[in-house]
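Structural description and commentary
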Amino acid sequence: GAARGPRQSSRRPEPGVCGPAHWGYVLGGRGRGPDEYEKRYSGAFPPQLRAQMRDLARGMFVFGYDNYMAHAFPQDELNPIHCRGRGPDRGDPSNLNINDVLGNYSLTLVDALDTLAIMGNSSEFQKAVKLVINTVSFDKDSTVQVFEATIRVLGSLLSAHRIITDSKQPFGDMTIKDYDNELLYMAHDLAVRLLPAFENTKTGIPYPRVNLKTGVPPDSNNETCTAGAGSLLVEFGILSRLLGDSTFEWVARRAVKALWNLRSNDTGLLGNVVNIQTGHWVGKQSGLGAGLDSFFEYLLKSYILFGEKEDLEMFNAAYQSIQNYLRRGREACNEGEGDPPLYVNVNMFSGQLMNTWIDSLQAFFPGLQVLIGDVEDAICLHAFYYAIWKRYGALPERYNWQLQAPDVLFYPLRPELVESTYLLYQATKNPFYLHVGMDILQSLEKYTKVKCGYATLHHVIDKSTEDRMESFFLSETCKYLYLLFDEDNPVHKSGTRYMFTTEGHIISVDEHLRELPWKEFFSEEGGQDQEGKSVHRLKPHELKVINSSSNCNRVPDERRYSLPLKSIYMRQIDQMVGLI
Ligand code: DMJ
């Protein structure tokens, strides 16, 4: 569990280049005695209220899901205002905001599968799985982003497959009669269609997009974001290990290593956009948000799942560089002089500040810090994001911490703050996080609920909406809210260990996933001769499923925390949030 690296605060540059950055004073804060903080934030959250909030979260999911099924299925997404379905934008192939994600494969249904199981709805889970098996095909003339297809579709298929084949069935009976690994084979079919992205690239870093029928489009862009290219290892690794075919894991790992080798020698940081042929950084911005977020997340999560030491070493080094160059503000979260900590965007080579905004995707980071045990820092960063939420009833896509105002105003129902809130609650069991969850739930109900679902907020200040409900609203936002209030959920029972993918899909952490089933295919002396291209790829008729349904109850590297919040944290939270 020693994933946490020491801080080297002496190397951290000062934030001064953009003028005074008193973000710590922005959000209020009054002097109060420690007892009062305890009383205000750590007071019990009555069980009835918790049950009420759990039901509200379930109701939110059901309203969105039922409306999707009634008005949108088999299309990819629900337009919740006009009660219609939405598929790829065939008229405008350059509309990447839509076409990167919507592949004409019933995306929202696929993405929602494991949420149905987590909520214990076995009849709907079984119905949905059968619908996916019987109606979803990837043989589509759709050009999608490799990353989006991987985390939303491939990850969900693998998660549901594991739920169905789990011998313990912790969520109730989620088995499917005559199930013959169909979801796993669908995952394989999709992954094979994504593989052309990894061919004809000089660096091994994949092309960002593929056409599911024809491969990489001839006019394809050679530039990709780091997160898109380097956060495929969890899903590709699981698929490889379940099928005994190293191909998928190998290409995903090669991409991670290629990106890793391009980090700055001086700072250890990576940029946000890279040319896959030349290896030159096109975007030199380093930060924790868009373009890089899940790259860091998957270094750690790959290690948790597969136990490969090199993943942990990369994560530790990356975390160290993040602390050295991105983290600004005072050394300790809760004491000392200066502003509370904040993670900024810097030039990857110089470490100099590049701008004064943070984005809403970065709100996932406190959750990742919980996983490595940096709970104190997580508490402070989370409080900063919650303070912004409190002000607008949502998170603007970008917030300028110097101007103390949003830079980009929309909020597409993203899950990151809820995800961190949930993980911090699991780590601390402090009712403060239940209050945060209730607040988030209530503002979602108030500002985003429309006739047939929940709508993207177009403008967090005037609260105007857009007719779009992204699939991650059901697969992540609703799921984390539900789990936050569902104390007795099987996910929380001791004896089971689940990890969430970056799309919020649960994967049981299983000793079998730490084995390399293809080892036997390589020569004894040579081992895995990756460079020599001796990867044994099974033909479809040779595919065999490695049965690994038993949960591993002892994962030595995973740590759980139960840390009651002390009043010192409460004072910090109070200063930043000024709530209640
Ligand atoms: C989701 O698809 C995933 O959480 C991803 O890692 C980041 N973006 C969205 C949600 O905001």
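Residues numbered from 1 in each chain as written. Predicted model: local features only at pLDDT ≥ 70, side-chain atom pairs only at ≥ 80, totals over all residues. Heavy atoms only, no water.

Going by an unreviewed UniProt entry, the chain carries the name alpha-1,2-Mannosidase and comes from Saimiri boliviensis boliviensis. Looking at the chain in UniProt, the text filed under Subcellular location (unreviewed entry) is "Endoplasmic reticulum membrane". The Sequence similarities (unreviewed entry) comment attached to the chain in UniProt states, word for word, "Belongs to the glycosyl hydrolase 47 family." (UniProt positions renumbered as here; feature names shortened; annotations may be inferred.)

A tally of helices and strands in the chain yields 19 helices and 20 strands. In the chain, buried positions account for 62% of the 580 residues. The contacts of the chain with a sequence gap of at least 6 include a subset with a gap of at least 24, amounting to 73%. Accessible surface for the chain amounts to roughly 21,300 Å². Of this, 49% is attributable to carbon and sulfur atoms. (Helix = DSSP H or I, 4+ residues; strand = E, 2+ residues; numbered from the N terminus. Buried < 20%, exposed > 50% of the residue type's maximum accessible area, 1.4 Å probe, protein only. Contact = heavy atoms within 4.5 Å. Areas by Shrake-Rupley, 256 points an atom, 1.4 Å probe, with all protein chains shown as cover.)

What follows is about the sheet that holds strand 14 (residues 405-408). Pairing is antiparallel across the open sheet formed by 3 strands, whose spatial order is 12-13-14. Where the open sheet ends on each side, the last strands, each with one partner, are strand 12 (357-359) and strand 14. Averaged over all neighbouring strand pairs, the angle between strand axes comes to 35°, with direction disregarded. Here strand 12 runs beside strand 13 (residues 398-400); their pairing, made up of 3 bridges, is antiparallel. (Pairing = 2+ DSSP bridges. Axes fitted to C-alpha atoms, helices over the stretch in contact; angles between N-to-C directions.)

It is worth spelling out the environment of Ser443 at this point. Structurally, the position occupied by Ser443 is in helix 17 (residues 432-448). Of the residues examined, Ser443 reaches a relative accessible area of 7% and is grouped as buried. When neighbours within four sequence positions are excluded, Ser443 is seen to be in contact with Trp389, Gly393 and Thr448.

As a further point, take the pattern of salt bridges. Under the counting rule described, the total for this entry stands at 29 salt bridges. Linking Asp55 and Arg54 is a salt bridge whose minimum nitrogen-to-oxygen distance equals 3.2 Å. Via salt bridges that share partners, Arg241, Glu249, Arg253, Lys257, Glu308, Glu310 and Asp311 belong to a single interconnected network. (Salt bridge = Lys/Arg side-chain N within 4 Å of Asp/Glu carboxyl O.)

The next point concerns helix 8 (residues 182-194). The end-to-end C-alpha distance of helix 8 is 18 Å, a good match for the 18 Å that 13 residues give at a rise of 1.5 Å each. Three or more residues of helix 8 are buried, namely Leu183, Leu184, Met186, Ala187, His188, Leu190, Ala191, Arg193 and Leu194. Packed against the buried residues of helix 8 are helix 6 (122-135), helix 7 (146-165), strand 4 (209-211), helix 10 (233-243) and helix 11 (247-261). (Expected span 1.5 Å × (residues − 1).)

Glancing now at the site of the ligand. Close contacts around the ligand come from Ile151, Leu361, Arg414, Pro415, Glu416, Phe472, Glu476, Thr502 and Glu503, and that covers them all. Between the ligand and Glu476, the relevant distance is 2.8 Å, taken from an oxygen atom to a side-chain nitrogen or oxygen of the residue. The contact in question runs from an oxygen atom of the ligand to an N or O atom on the side chain of Thr502, over 2.7 Å. Out of a free accessible area of 290 Å², the ligand has 92% covered by protein chains. Here the ligand is seated within the largest pocket. (Near = heavy atom within 4 Å. Polar contact = N/O pair within 3.5 Å; in protein donor to acceptor, adjacent residues only side chain to side chain. 1 Å grid on protein atoms, 1.4 Å probe; cavity = no way out; pocket = protein on both sides within 12 Å on 5 of 7 lines; lining within 4 Å. Sits in = over half its atoms within 2 Å of the grid points.)

A word on the layout of surface pockets. For the largest pocket, the calculated volume is near 1,200 Å³. Residue lining of the largest pocket: 49 residues in total, with Gln145, Phe147, Glu148, Leu361 and Arg414 positioned closest to the centre. Secondary structure elements with two or more residues in the lining of the largest pocket: helix 4 (96-99), helix 7, strand 5 (223-225), helix 9 (226-230), helix 12 (293-306), helix 16 (416-428) and helix 18 (472-485). Considering each element in turn, the lining of the largest pocket owes the most residues, 5 residues, to helix 7. Looking at the lining of the largest pocket residue by residue, the classes come out as 21 nonpolar, 10 polar and 18 charged. (Points joined across faces, edges and corners; volume = space filled by probe spheres on them. Nonpolar A, V, L, I, M, F, W, Y, C, P; charged D, E, K, R; others polar.)

Let's shift gears to the environment of Asn211. With respect to the secondary-structure elements, Asn211 resides in strand 4. Expressed as a C-alpha distance, the spacing of Asn211 and Lys140, which sit 71 residues apart in the sequence, is 8.0 Å. The contact partners of Asn211, leaving out residues within four places of it in the chain, are Lys140, Asp141, Ser142, Thr143 and Pro217. For Asn211, the side chain forms a polar contact with the side chain of Thr143, separated by 3.2 Å. Here Thr214 takes part through its backbone nitrogen, which lies 3.0 Å from a polar atom of the side chain of Asn211.

What follows is about the side chain of Thr501. Residue position: Thr501 is located in the loop between strand 19 (498-500) and strand 20 (506-508). Excluding anything up to four places from it in sequence, Thr501 contacts Val234, Glu235, Glu297, Tyr298, Lys301, Tyr480 and Ile507.

Under the criterion given, the structure shown has 22 aromatic pairs. An angle of 45° between the planes, with centres 5.8 Å apart, marks the rings of Phe171 and Tyr498 as tilted. One end of the pair, Phe171, is in the loop between helix 7 and helix 8; the other, Tyr498, is in strand 19, with 327 residues separating them in the sequence. The class for Tyr498 is buried, based on a relative accessible area of 8%. Taking the centre distance of 5.0 Å and the plane angle of 75° together, the rings of Phe432 and Tyr433 count as edge-to-face. (Phe/Tyr/Trp six-rings, centres within 6.5 Å; stacked < 30°, edge-to-face > 60°.)

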